[in-house]
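Structural description and commentary
Residues per chain are reported as follows:
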Amino acid sequence: MKVKNICCIGAGYVGGPTMAVIAQKCPHIKVTVVDVNSSRISAWNDENLDKLPVFEPGLDAVVSEARGRNLFFSTDVDQAIDEADMIFISVNTPTKTYGKGKGMAADLKYIELCARQIASVSKSNKIVVEKSTLPVRTASAIKNILDNTGNGVEFQILSNPEFLAEGTAVEDLFAPDRVLIGGDTSAKGQEAIQALVDVYANWVPKERILTTNVWSSELSKLTANAFLAQRVSSINSMSALCEKTGADVNEVAKAIGLDSRIGSKFLKSSVGFGGSCFQKDILNLVYIAKTYGLNEVADYWEQVIIINDYQKNRFSNNIVSTLYNTVSGKKITFLGWAFKKDTNDTRESAAIQVADNLLNEQAQIEVYDPKVIEERIYADLDYLNTRSEDENRSLLKVKKDPYEACKDSHAIAILTEWDEFKTYDWQRIYDNMLKPAFVFDGRGILDTKALENIGFVCYSIGKGSNK
Ligand SMILES: NC(=O)c1ccc[n+]([C@@H]2O[C@H](COP(=O)([O-])OP(=O)(O)OC[C@H]3O[C@@H](n4cnc5c(N)ncnc54)[C@H](O)[C@@H]3O)[C@@H](O)[C@H]2O)c1
Ligand SMILES: O=c1ccn([C@@H]2O[C@H](COP(=O)(O)OP(=O)(O)O[C@H]3O[C@H](CO)[C@@H](O)[C@H](O)[C@H]3O)[C@@H](O)[C@H]2O)c(=O)[nH]1
């Protein structure tokens, strides 16, 4: 079977870029991305490419090439489902905030809604692809809903998890380490797998397209994120030990990373990992292990989250203790709010927890981030419900100019590794700060020696004193 018409439900960080790349690479396939959020769809359709709802380097060029040709964004979900022979489900699967599994399990209500809508609208056979990250065995629930419509339509369910990282989404989609496709072992299942393999084969080398059974595919996604996050927590746990012992975490990371069995990637110590996936997916993994009675397995992975929380709190505690045990009324500047550089996404960003801790200590915070808008920052804080919205707005201000944000500040905290922070006129920043002028580099990106020569008092994550 040759796929001619794709529909993707969910025009978010995954659905948008993923489908834009499929459309660009496969001009013979019509791709329609649909979403219930009409303002998001309008933004995807905006003539001004700066207004796309997702900021990703290179995405504007891909969208401008394919949009209107064979890439469409629409709110008409029913029509797109009806026309498609392959439907990707790429809706959000956040951690449950209510009921059984609250705070741990993935909330699958949006997935189920999609399955029910596909079931009620479809008049012809369809391949349904799980693009969202899902707990292992979700495919059987989706199949159950789809197969019980009684209208004679046949559905094949595939799992095709997405491994792109934000900030490098387009690069990752152009040249993925692998594409993973899981499906049913029956002949029809294999045919469906082949149809999706053929889509990717338009630009991904065949040896990088891996096919498995559906459960392996679902579980591989959670496993990959757990392993990646575990590396960050592992090096972050070492950063605490480095600071106590005079070791330098960057030197340790380099020394161990040269061992080809360990490898050098994902060993950058930080103020803690963020992003919409790591925490949510590990909590989900922990929950799944517990439901199968695998308590030791659950405890093992939960430790990755515990260390991450520890790292964020350690960073804010260090700011308070260094500033003579009080930050009350003191101005602290945050450079960066996004969970990593080159994205406007702030979900689970370490900056949020660090800010909340410091606001509890009555600090005055001013934030500068090159891509994150003011409304997003306040929404992140308000969501925690720690204090009133008015208090958040009076204690924390968002600035559009980094020098303005740093003026008259007691301390600067680097929360995101944006490249531009390295190029600032740090002498100018120093001259306009209160003294002693402190810098807390939560990303280890600044040249500490150069800053110390200017007169700053520096703390860099994982760098112990050499004395
Ligand atoms: N963000 C990432 O980098 C990333 C990477 C790999 C996998 N994932 C996974 O992909 C999935 C989507 O993540 P995201 O970051 O794109 O989420 P997102 O919140 O940015 O986008 C999801 C979109 O789905 C829409 N939606 C929800 N229910 C809908 C429905 N019934 N009909 C139509 N639209 C609906 C929402 O309005 C939203 O715009 C999640 O399962 C996530 O775990 C995310
Ligand atoms: O050495 C490192 C690497 C990452 N991070 C932090 O870890 C978080 C996650 O970074 P990254 O993995 O690069 O971005 P994500 O967009 O969250 O991507 C992850 O989560 C996605 C969603 O599931 C997966 O698709 C990707 O493969 C997986 O890398 C960020 O806060 C980073 O700053 C570190 O602190 N040190």
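The structure reproduced in this document is the subject of the present report. Quantities reported herein were computed from a predicted structural model and do not represent experimental measurements.

1. Considering the side chain of T32
For T32, the location among the structural elements is in strand β2 (residues 30–34). Residue contacts for T32: discarding those within four places in its chain leaves I6, C7, C8, F72, S74 and A80.

2. A closer look at the nonpolar core
Membership of the largest hydrophobic core comes to 54 residues, with the highest contact counts inside it found for F315, F334, W337, L358, L396 and W426. If you tally residues by element for this core, the top one is helix α13 (residues 350–360), at seven residues. Setting aside its immediate chain neighbours within four residues, F315 contacts V271, V354, A413, I414, L415, F440, D441, G442, Y459 and I461. Membership of the second largest hydrophobic core comes to 45 residues, among which are L158, I181, V204 and I209.

3. So, the pattern of salt bridges
In this structure the tally under the stated criterion is 24 salt bridges. Close ionic contact of R116 with E112 constitutes a salt bridge, the shortest N to O distance being 2.8 Å. A residue pair is termed a helical-turn pair when its members lie 3 or 4 positions apart in one helix, as R116 and E112 do in helix α5 (residues 109–121) at four residues. E166 serves as the salt-bridge partner of R347, at 3.6 Å between the closest nitrogen and oxygen. Taken together, the positions of R347 in the loop between β9 (331–335) and α13 and E166 in the loop between β6 (155–159) and α7 (169–174) put the pair 181 residues apart, joining distant regions of the chain. Taking relative accessible area as the criterion, R347 reaches 36% and is therefore assigned partly exposed. Connected through shared salt-bridge partners, E166, D345 and R347 make up one network.

4. Considerations on the sheet that holds strand β11 (residues 396–398)
Here six strands make up an open sheet; going across it, the order is β11-β10-β9-β12-β13-β14 and the pairing parallel. The sheet is open, and its two edges are formed by β11 and β14 (457–460), each paired on a single side. Recorded for the sheet is a direction-independent mean angle of 20 degrees between the axes of neighbouring strands. Contacting β10 (364–368) and β11, helix α14 (residues 374–384) runs over the sheet at an angle of about 155 degrees to β11.

5. A short note on the packing of helix α12 (residues 295–322) against α13
One can describe the packing of α12 onto α13 by two numbers: an axis separation of 9 Å at closest approach and a directional angle of 40 degrees. The pairing of α12 with α13 is recorded here as oblique in orientation. The crossing of α12 and α13 is right-handed. Counted together, K312, N313, F315, S316, I319 and V320 of α12 and A350, Q353, V354, N357 and L358 of α13 form the full contact between these two elements. Classifying every residue of the contact of α12 with α13 by side-chain character gives six nonpolar, four polar and one charged.

6. Focus: the site of ligand 1
Taken together, 25 residues sit near ligand 1, with D35, R40, T93, E166 and K280 positioned nearest. The backbone of V36 places a nitrogen or oxygen atom 3.4 Å from a nitrogen atom of ligand 1. The separation between an oxygen atom of ligand 1 and a polar side-chain atom of T93 is 2.6 Å. Considered on its own, ligand 1 offers 830 Å² of accessible surface; in the complex 92% of this is hidden by protein.

7. Here's the deal with helix α10 (residues 249–257)
For α10, the set of buried residues is V249, A253 and G257. The arc that holds every buried residue of α10, seen down its axis, measures 65 degrees, which confines them to one face. Seen from the buried face of α10, the exposed residues on the opposite side, beyond 90 degrees, are E251, K254 and A255. Regarding α10, its N-cap is D248, as a side-chain oxygen of that residue lies 2.8 Å from the backbone nitrogen of N250 further along.

8. Structural notes on the pairing of β6
Across the five residues of β6, five count as buried, placing the element largely inside the fold. Burial along β6 is two-sided: the face carrying F155, I157 and S159 and the face carrying Q156 and L158 are both buried. Of the pairings in the sheet, the one linking strand β5 (residues 126–130) to β6 comprises five bridges and is parallel in character. Looking across to β6, one finds that V129 is bridged to L158. Between β5 and its parallel partner β6, the chain crosses via helix α6 (residues 138–147), and the hand of that crossover is right-handed.

9. Here's the deal with α5
Taking 1.5 Å per residue as the helical rise, α5 with its 13 residues ought to reach 18 Å, and the 18 Å between its terminal C-alpha atoms agrees with that figure. Within α5 the residues assigned to the buried category are I111, C114, A115, I118, A119 and V121. Elements in contact with the buried residues of α5: β1 (5–9), α4 (77–83), β4 (86–89), β5, α6 and β6.

10. Here we look at the site of ligand 2
Taken together, the neighbourhood of ligand 2 is formed by 20 residues, with F163, L164, S270, C277 and R443 sitting nearest. One of the side-chain N or O atoms of K221 is found 2.8 Å from an oxygen atom in ligand 2. Within the side chain of S270, one N or O atom sits 2.6 Å away from an oxygen atom of ligand 2. In isolation ligand 2 offers 700 Å² of accessible surface; the protein chains occlude 90% of this area. It is helix α9 (residues 214–245) that contributes the most residues to the shell around ligand 2, four residues altogether. Its residues placed into classes, the shell around ligand 2 shows eleven nonpolar, three polar and six charged.

Reading the values: rules and limits
- Residues numbered from 1 in each chain as written.
- Chains lettered and ligands numbered in written order.
- Predicted model: local features only at pLDDT ≥ 70, side-chain atom pairs only at ≥ 80, totals over all residues.
- Heavy atoms only, no water.
- Helix = DSSP H or I, 4+ residues; strand = E, 2+ residues; numbered from the N terminus.
- Contact = heavy atoms within 4.5 Å.
- Core = buried A, V, L, I, M, F, W, Y, C linked by side-chain atoms within 4.5 Å.
- Buried < 20%, exposed > 50% of the residue type's maximum accessible area, 1.4 Å probe, protein only.
- Salt bridge = Lys/Arg side-chain N within 4 Å of Asp/Glu carboxyl O.
- Pairing = 2+ DSSP bridges.
- Axes fitted to C-alpha atoms, helices over the stretch in contact; angles between N-to-C directions.
- Parallel < 35°, antiparallel > 145°, perpendicular 65-115°, else oblique.
- Left-handed = near helix turned anticlockwise from the far one by under 90°.
- Nonpolar A, V, L, I, M, F, W, Y, C, P; charged D, E, K, R; others polar.
- Near = heavy atom within 4 Å.
- Polar contact = N/O pair within 3.5 Å; in protein donor to acceptor, adjacent residues only side chain to side chain.
- Areas by Shrake-Rupley, 256 points an atom, 1.4 Å probe, with all protein chains shown as cover.
- Arc of directions from axis to C-beta.
- Right-handed = clockwise from strand over helix to strand, strands pointing away.
- Expected span 1.5 Å × (residues − 1).

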